[in-house]
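As a plain string of letters, each chain reads:
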Amino acid sequence: MYIHIPFCLRKCPYCDFVSYPLSRGSPGSVQQYVDAVLQEASLRKDWLEAEGLMPEAFHSLYIGGGTPSLLGSRQIAQLLEGVTECFPFQPDAEVTLEANPGAICRDEMLAWRHLGINRLSLGVQSLDDCLLARLGRMHTAEEACQTVQEARRAGFANLSLDLMLGLPGQSIEQWQETLAGAVGLRPEHLSCYELTIEESTSYGRLQAQGKLALPPEDEVIAMLQWTRQYLTDSGYEHYEISNYALPGYRSRHNQIYWENRWYLGLGAAAFSYWDGRRWGSTADVEEYIHRVAVGSFPETYSERLDKKGQLGETIMLGLRLREGVSLADLEVRFGLSVWGIWEAEIAGLVEAGLLELSRGRLRLTDRGLLLASRVQAAFL
Ligand code: SF4
């Protein structure tokens, strides 16, 4: 289960997530939003039960955004109590909260632990103060490190740090220092994302005006290759294109997405995939609150995929995982032959050195990792 909290203190110039700057002094709207998410949970519960689609138990809950750590502990408690009243969860469910470093005190973290949050995903992004300032982030490198230490003192034994590479003005050495500093904090999980520029963002506009100096492509490739080598040498498993984990600490929640299993999203702009249907809710917070208040689902998009579509998406997503996809498992799951549908595409990609087929599993080669989107597109 995913819950989207679409509020941030201010908008970062590169960000195209659905998040709105929270004007100070408007906690009422946040509370209205939390209430609306709980109303939506209740509507979804009734629907899942009526359709006979309620799962035995959800095995993960991810509260993302936005900046969910902006919510007060009382509001996080309301969300957790509300969804656990509506839906069954495994006793050992992975419960993640996204938080931004700085401005979080230990008492807050202790409260989160007591509420059942057992994993924090921290938006560190860089451990270089100049780059953090350029990214419009509101914390410093030192505050990021302090937040990790405070989280440890509060009892969090499962921390994930988000880092970004390929930033404007970033050298390979700066990236290496950030990564070394992050590894020194020994988080259980690291997500290393390459910055992508979206047209609708401030960075997108700067790029269109020729005012954004991004590192050249060969340097970004060198950063990616160095990342893989350094993190695997440091004991992390490279289990997904951008994600690394100490043994036993892969993100259970995100693996659901990459395996294209069912997930339920609650909140404005949240996406869901359930029983072969994908849907997305309105990104307009006011509209979201209004629609659930009158008992309607807040969906603005819905699509039912046929078996071939589901299979293609499952391959596309599964290729993000380093272990790739098992052709035999896919045939059992979808009743279709991968080989029968995409034989020519697979042969071409294997020939080009981008895919490899080994012991019944199809996976990206090291070269394919760098051209993943081109490979994935073949299955859509
Ligand atoms: S804090 Fe995260 S979600 Fe919020 S604007 Fe910045 S990048 Fe986007």
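Anything mentioned here points back to the structure above.
Owing to the predicted nature of the structure, the values given are computational and were not obtained by experimental measurement. (Residues numbered from 1 in each chain as written. Predicted model: local features only at pLDDT ≥ 70, side-chain atom pairs only at ≥ 80, totals over all residues. Heavy atoms only, no water.)

**Observations regarding the site of the ligand**
Around the ligand, the surrounding shell consists of Cys-8, Arg-10, Lys-11, Cys-12, Tyr-14, Cys-15, Phe-17, Ser-19, Gly-66, Thr-67, Asn-100 and Arg-137. A breakdown of the residues in the shell around the ligand according to their chemical character gives 5 nonpolar, 4 polar and 3 charged. (Near = heavy atom within 4 Å. Nonpolar A, V, L, I, M, F, W, Y, C, P; charged D, E, K, R; others polar.)

**Brief notes about the sheet that holds strand 16 (residues 355-358)**
In space, the 3 strands of this open sheet follow the order 15-17-16, with antiparallel pairing throughout. Looking along the sheet, the strands with just one partner apiece sit at the ends: strand 15 (325-326) and strand 16. Inspection of the sheet shows strand 15 paired to strand 17 (residues 361-364) by 2 bridges, in the antiparallel sense. When the bridges of strand 17 are listed, Val-325 appears paired with Leu-362. (Pairing = 2+ DSSP bridges. Helix = DSSP H or I, 4+ residues; strand = E, 2+ residues; numbered from the N terminus.)

**Things to note about unusual backbone geometry**
Note the cis peptide between Gly-65 and Gly-66, where omega equals 20°. Relative to the helices and strands, Gly-66 resides in the loop between strand 4 (58-65) and helix 2 (73-86). Look at Asp-275: it is not a glycine, yet its phi comes out positive at around 55°. Within the secondary structure layout, Asp-275 lies in the loop between strand 12 (271-274) and strand 13 (277-281).

**Focus: the packing of aromatic side chains**
In this description, a pair of aromatic rings is defined by centroid distance and the angle of the planes. For the coordinates displayed, the defined rule picks out 16 aromatic pairs. On the numbers, 5.5 Å between centres and 75° between planes, the contact of Phe-58 with Phe-87 is edge-to-face. Residue Phe-58 is found in strand 4, and its partner Phe-87 is found in the loop between helix 2 and strand 5 (89-99); the two are separated by 29 residues along the sequence. Assessed through its relative accessible area of 6%, Phe-58 is described here as buried. Judged by centre distance (6.4 Å) and plane angle (50°), the ring pair of Tyr-263 and Tyr-273 falls under tilted. Of this pair, Tyr-263 sits in the loop between helix 9 (252-258) and strand 11 (265-266) while Tyr-273 sits in strand 12, and the two are 10 residues apart along the sequence. On the accessibility criterion, Tyr-263 (12% relative accessible area) is buried. Joined through ring pairs, the aromatic side chains of Phe-58, Phe-87, Phe-89, Trp-262 and Trp-274 make up one cluster. Residue placement shows Arg-278 over the ring face of Tyr-273; its charged tip is 4.5 Å from the ring centre. (Phe/Tyr/Trp six-rings, centres within 6.5 Å; stacked < 30°, edge-to-face > 60°. Buried < 20%, exposed > 50% of the residue type's maximum accessible area, 1.4 Å probe, protein only. Lys NZ or Arg CZ within 6 Å of the ring centre and 35° of its normal.)

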